[in-house]
Amino acid sequence: MFESKLKPQEIYKILIAHMSRNGCKENFLGDLKLSEEAFANSLLDDVFPTLYYEMHLQGKPRTDFHATIRGDSIRNCKKFPANLGGGGYEKVFEWYKTTAGHKLIFSYDISEGRTDSHTAHMFFELPFPHIKEYFKVMGSEESAEYLKEFETHVPKGWYHTYYGLFKGRPDSPVRIDYFVNEEQQKIYAEDISIFGDHLKNLGFNAVNEEFLQRCSEIAKLPFQMELQFNVLGVNKIDSTIGISSTLVSSNAFGEQTAAQIRKLFDEGGAGYNLMKKVENWGLSDNRWQYIKAVSQSLTVHIKLTDIFKIALA
């Protein structure tokens, strides 16, 4: 978040022009004609939201993004714009004004032609009674119980970061995101079958030797593992999970600047080796090699989490 005399829409056009350099538009961003509309749906005031982009490494160039709105912007708002988040979140905003939450995140599948958010989700900042209220105003009060039951089976070495009801996705799943702490990841690196047992205990049974072998290689990397689950009901989760390698973090794994990230993608670097594996697994084409050039066009710290998301069934 920063202050400027420019309007957020003007800043966004500059940002997109900057991001489009060095082959990024042709290889990652693709058609951005819907991007500005989705961005406009994220504006509550003149505060520029925090943006987080997801760039796909297979198929046609396309991107999705998340926009984070500050809690004080929501609480100080007298009248919410009708198109905020794409519309339909009025009950969420009115409820949110009374909570202690600090951030609210919209997520846009603009790669699928959508300019409305498929969810308004948040970090685990609220006590469980407030979480129940969130799911109620989102239209699925029972989803709070799905999350609560799921949490009873989560290993101690995982810590949750955000949750949300993805009501704009098929089956309206509860999305839950976790990071694996350094100690637990070392355990998985030494014996990946423990990770398999933990997944099965959660109700994820799509575990086979190939899956565990790939997870083992990810666990051995000097990057923190991030896990995402879609919970569909009590003791019922989707058969696909998201596994990410996060290059930038603020914990024991260390925080890295854009310059340090670029070095990771030198031939023989940890990022280079990871992406060669992902390409060999058939989960990416060779456009990942442009990541180094893209990072040179940015002057901010980069968290390349979902660029490395590996969905394994």
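These remarks concern the structure in this document. (Residues numbered from 1 in each chain as written. Predicted model: local features only at pLDDT ≥ 70, side-chain atom pairs only at ≥ 80, totals over all residues. Heavy atoms only, no water.)

As for the packing of aromatic side chains
Quick reminder of the rule: Ring pairs shown here join Phe, Tyr and Trp side chains whose ring centres sit within 6.5 Å, with only the six-membered ring taken for Trp; geometry is labelled stacked below 30 degrees between planes, edge-to-face above 60, and tilted in between. The classification of residues rests on relative accessible area computed with a 1.4 Å probe and restricted to protein chains. Under 20% of the type maximum is buried, over 50% is exposed, and intermediate values are partly exposed. Under the scheme used here, helices are H or I runs from DSSP no shorter than 4 residues and strands are E runs no shorter than 2 residues, and both carry numbers assigned from the N terminus. A ring is considered to have a charge above it if a Lys NZ or an Arg CZ atom is located within 6 Å of its centre and within 35 degrees of its normal.
Taken as a whole and judged by the stated rule, the model has 25 aromatic pairs. Here the aromatic rings of tryptophan 95 and tyrosine 96 are separated by 6.1 Å at their centres, their planes lie at 65 degrees, and the arrangement is edge-to-face. The pair formed by tryptophan 95 and tyrosine 96 is uniform in burial state, with each residue classed as buried. Between phenylalanine 135 and tyrosine 163, the aromatic rings sit 6.0 Å apart at their centres with planes inclined by 40 degrees, giving tilted as the arrangement. One end of the pair, phenylalanine 135, is in helix α6 (residues 128–137); the other, tyrosine 163, is in strand β5 (residues 158–165), with 28 residues separating them in the sequence. For phenylalanine 135, a relative accessible area of 0% puts it in the buried group. Among the residues examined, tyrosine 163 registers a relative accessible area of 0% and is labelled buried. In this structure an aromatic cluster arises from ring pairing among Tyr53, Phe65, Phe80, Tyr89, Phe93, Phe106 and Tyr108. Just above the ring of tyrosine 89 sits the side chain of lysine 167; from NZ or CZ to the centre is 4.5 Å.

Concerning helix α9 (residues 192–202)
Counting along an α-helix, one turn takes 3.6 residues, and residues three or four places apart therefore face a common direction. The cut-off we apply is this: By construction, the arc corresponds to the directions joining the helix axis to the C-beta atoms.
Among the residues of α9, those classed as buried are Ile192, Phe195, Gly196, Leu199 and Leu202. Buried positions in α9, seen along its axis, are confined to an arc of 120 degrees and lie on one side of it. Downstream of α9 by one or two residues, glycine 203 has phi in the positive range, about 105 degrees.

Considerations on the environment of valine 92
For clarity, the cut-off: Note on contacts: a residue pair qualifies if any of its non-hydrogen atoms lie within 4.5 Å across the two residues.
Examined against the element boundaries, valine 92 turns out to sit in helix α5 (residues 90–96). Discounting chain neighbours no more than four positions away, the residues touching valine 92 are Val137 and Met138.

Thoughts on the pairing of strand β6 (residues 174–180)
Using the following cut-off: Paired strands, as defined in this entry, are two strands with at least two bridges between them according to DSSP.
Burial runs high along β6: seven of the seven residues are buried. Alternating positions in β6 separate into two faces, Val174, Ile176, Tyr178 and Val180 on one and Arg175, Asp177 and Phe179 on the other, with burial throughout. Relative to β6, β5 is paired through seven bridges, and the arrangement is antiparallel. Considered in β6, the bridge of glycine 164 is made with arginine 175.

Observations regarding helix α8 (residues 182–190)
For α8, the complete set of buried residues consists of Gln184, Gln185 and Tyr188. Looking down the long axis of α8, one finds its buried residues gathered within 100 degrees of arc, a one-sided arrangement. Exposed residues on α8 whose side chains face more than 90 degrees from its buried face are Glu183, Lys186 and Glu190. Where α8 is buried, its residues contact β5, β6, α9, α10 (209–219) and β7 (224–233).

Regarding the packing of α8 against α10
The criterion, for reference: Lines are fitted to the C-alpha atoms to define the axes, a helix being fitted only along its stretch in contact, and any angle between axes, read from their N-to-C directions, falls within 0 to 180 degrees. Any angle from 65 to 115 degrees is called roughly perpendicular, while one under 35 is roughly parallel, one over 145 is roughly antiparallel, and all others are oblique. We call a crossing left-handed when the near helix sits turned anticlockwise from the far one by less than a right angle, and right-handed when that turn is clockwise. Under this grouping Gly is polar, as are all residues other than the nonpolar Ala, Val, Leu, Ile, Met, Phe, Trp, Tyr, Cys and Pro and the charged Asp, Glu, Lys and Arg.
Relative orientation of the contacting elements α8 and α10 amounts to 135 degrees, with a least axis distance of 8 Å. What the angle tells us is that α8 and α10 run oblique. For the element pair α8 and α10, the recorded crossing hand is left-handed. On α10, the residues that touch Gln185, Tyr188 and Ala189 of α8 are Ser216, Ile218 and Ala219. For the contact of α8 with α10, the residue count by class is four nonpolar, two polar and no charged.

Side note on the pattern of salt bridges
Selection rule: By salt bridge we mean one thing: a side-chain nitrogen of Lys or Arg within 4 Å of a carboxyl oxygen of Asp or Glu.
In the structure shown here, the tally under the stated rule is eight salt bridges. Linking aspartate 31 and lysine 33 is a salt bridge whose minimum nitrogen-to-oxygen distance equals 3.9 Å. Judged by its relative accessible area of 65%, lysine 33 is exposed. Put simply, arginine 114 and aspartate 116 hold a salt bridge, and the shortest N to O gap is 2.9 Å. A relative accessible area of 29% means that aspartate 116 is categorised as partly exposed.

What to know about the environment of lysine 200
Relative to the helices and strands, lysine 200 is located in helix α9. Separated by 47 residues in the primary sequence, lysine 200 and histidine 153 place their C-alpha atoms 9.9 Å from one another. Apart from the residues lying within four places of it in its own chain, the contact partners of lysine 200 are Asn205 and Val207.

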